[in-house]
Amino acid sequence: MKRLFDFLISAVMILLLCWLFVIVGILIKIKLGSPIVFTQPRPGKDGKVFNVYKFRSMTDERDANGELLPDEIRLTKFGQLLRKLSLDELPQLFNVLKGNMSFVGPRPLLVEYLPLYNARQARRHEVRPGITGWAQVNGRNAISWEQKFEYDVWYVENRSLLLDIKILFLTLKKVFISEGISAAGQATMTKFTGTKEN
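About the criteria used
- Residues numbered from 1 in each chain as written.
- Predicted model: local features only at pLDDT ≥ 70, side-chain atom pairs only at ≥ 80, totals over all residues.
- Heavy atoms only, no water.
- Helix = DSSP H or I, 4+ residues; strand = E, 2+ residues; numbered from the N terminus.
- Contact = heavy atoms within 4.5 Å.
- Phe/Tyr/Trp six-rings, centres within 6.5 Å; stacked < 30°, edge-to-face > 60°.
- Buried < 20%, exposed > 50% of the residue type's maximum accessible area, 1.4 Å probe, protein only.
- Salt bridge = Lys/Arg side-chain N within 4 Å of Asp/Glu carboxyl O.
- Patch = residues over 30% accessible without salt bridge, like charges linked within 9 Å, V, L, I, M, F, W, Y side chains within 5 Å.
- Areas by Shrake-Rupley, 256 points an atom, 1.4 Å probe, with all protein chains shown as cover.
- Pairing = 2+ DSSP bridges.
- Core = buried A, V, L, I, M, F, W, Y, C linked by side-chain atoms within 4.5 Å.
- Polar contact = N/O pair within 3.5 Å; in protein donor to acceptor, adjacent residues only side chain to side chain.

A few words on the side chain of Asp 88. Within the element layout of this structure, Asp 88 appears in the loop between α4 (77–84) and α5 (92–98). With sequence-adjacent residues up to four places away left out, Asp 88 is seen in contact with Lys 54, Phe 55, Leu 82 and Arg 83.

As structure tokens, then:
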């Protein structure tokens, strides 16, 4: 039922929001240039890697060695606005339509994090990743990685239709109040380097 819901709602939303895709795409082309859509491999259900789609929100500025500059430098005010309104996430509706993602589930993170998870943290990959999730409505990027993973695993263990509906409504609230977009002193979130075992 969840997959059917994801497919139908994502298809309807893509049709209804096609005008917004066009407007945001044009603005990104003017403000940031090409490419308009940013793609990156991310692990999904059972750790299977897929390409996640996002509207570009950073420049491609590089240093003298050709390395990308830090996020806080490349993230412009326009990019910050896209993230504040969660407009950069819109292309993930196509990930949901294709079945790579769900509307609700643990956020898909970097492939390089896969070997860093402990056994409990790795349980976040027992379900499809989501556009939003329990961790996003309980702190988003303003909480520690360990707390975020605890929320992810709690969702895996307690998922239900009613919980998904609750998360979707709380997500709308978070978007309106722009809470937890970044970690303290960071443009987004510090990199995960593994959890020290006690």
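Overall, the coordinates contain eleven aromatic pairs when judged by the stated rule. Relative to Phe 192, the ring of Trp 145 has its centre 5.7 Å away and its plane inclined at 55 degrees; by these criteria the two rings are tilted. One end of the pair, Trp 145, is in helix α6 (residues 145–158); the other, Phe 192, is in the segment after α7 (161–177), with 47 residues separating them in the sequence. Take Trp 145: its relative accessible area is 9%, and that puts it in the buried class.

Quick look at the side chain of Arg 124 now. Here Arg 124 is to be found in the loop between β3 (102–104) and β4 (130–132). For Arg 124, a relative accessible area of 3% corresponds to the buried category. Excluding its chain neighbours within four sequence positions, the residues that come into contact with Arg 124 are Pro 106, Arg 107, Leu 109, Tyr 117, Phe 149, Asp 152, Val 153 and Val 156.

Right, let's get into the pattern of salt bridges. Enumeration according to the criterion identifies twelve salt bridges in this entry. In this structure, Arg 120 engages Glu 157 in a salt bridge whose closest nitrogen and oxygen atoms are separated by 3.3 Å. A residue pair is termed long-range when its members are at least 10 positions apart, and Arg 120 in the loop between β3 and β4 and Glu 157 in helix α6 qualify at 37 residues. Judged by relative accessible area, which is 40%, Glu 157 ranks as partly exposed. The network of salt bridges with shared partners includes Arg 120, Arg 123, Glu 126, Glu 150 and Glu 157.

It is worth spelling out a nonpolar patch on the surface at this point. Taken together, the side chains of Met 1, Leu 4, Phe 5, Phe 7, Leu 8, Ile 9 and Met 13 define a hydrophobic patch exposed on the protein surface, amounting to about 680 Å² of accessible area. Its place among the elements puts Leu 4 in helix α1 (residues 2–16). Judged by relative accessible area, Leu 4 falls into the partly exposed class, the value being 46%.

Before going further, it helps to spend a moment on the pairing of strand β1 (residues 37–43). As defined by bridge partners, β1 adjoins strand β2 (residues 49–55) across seven bridges and the pair is classed as antiparallel. Looking at β2, one finds that Arg 42 is bridged to Phe 50. Hairpin connection of β1 to β2: five residues between the antiparallel strands, including Asp 46 at a positive phi of 60 degrees.

Residues Val 24, Ile 28, Leu 90, Leu 93, Tyr 155 and Ile 167 are the most contacted members of the largest nonpolar core, which totals 26 residues. Among the elements that line this core, the one with the most residues is helix α2 (residues 18–31), at four residues. Tyr 113, Tyr 117, Phe 149 and Phe 192 belong to the second largest nonpolar core, which has eight residues in total.

Let us look at the environment of Lys 191. Take Lys 191: it is sitting in the segment after α7. With 46 residues separating them along the chain, Lys 191 and Trp 145 place their C-alpha atoms 8.9 Å apart. Not counting residues up to four positions away in its chain, the partners in contact with Lys 191 are Glu 112, Tyr 113 and Trp 145. Only 3.3 Å separates the side chain of Lys 191 from the side chain of Glu 112, close enough to count as a polar contact.

Looking now at unusual backbone geometry. Cis geometry marks the peptide bond from Ser 34 to Pro 35, where omega comes out at 0 degrees. Secondary-structure assignment places Pro 35 in the loop between α2 and β1. One non-glycine residue with positive phi stands out, namely Asp 46, at about 60 degrees. One can find Asp 46 in the loop between β1 and β2. Positive phi, normally seen in glycine, also occurs at Ser 86, with a value near 60 degrees. Checked against the element boundaries, Ser 86 lands in the loop between α4 and α5.

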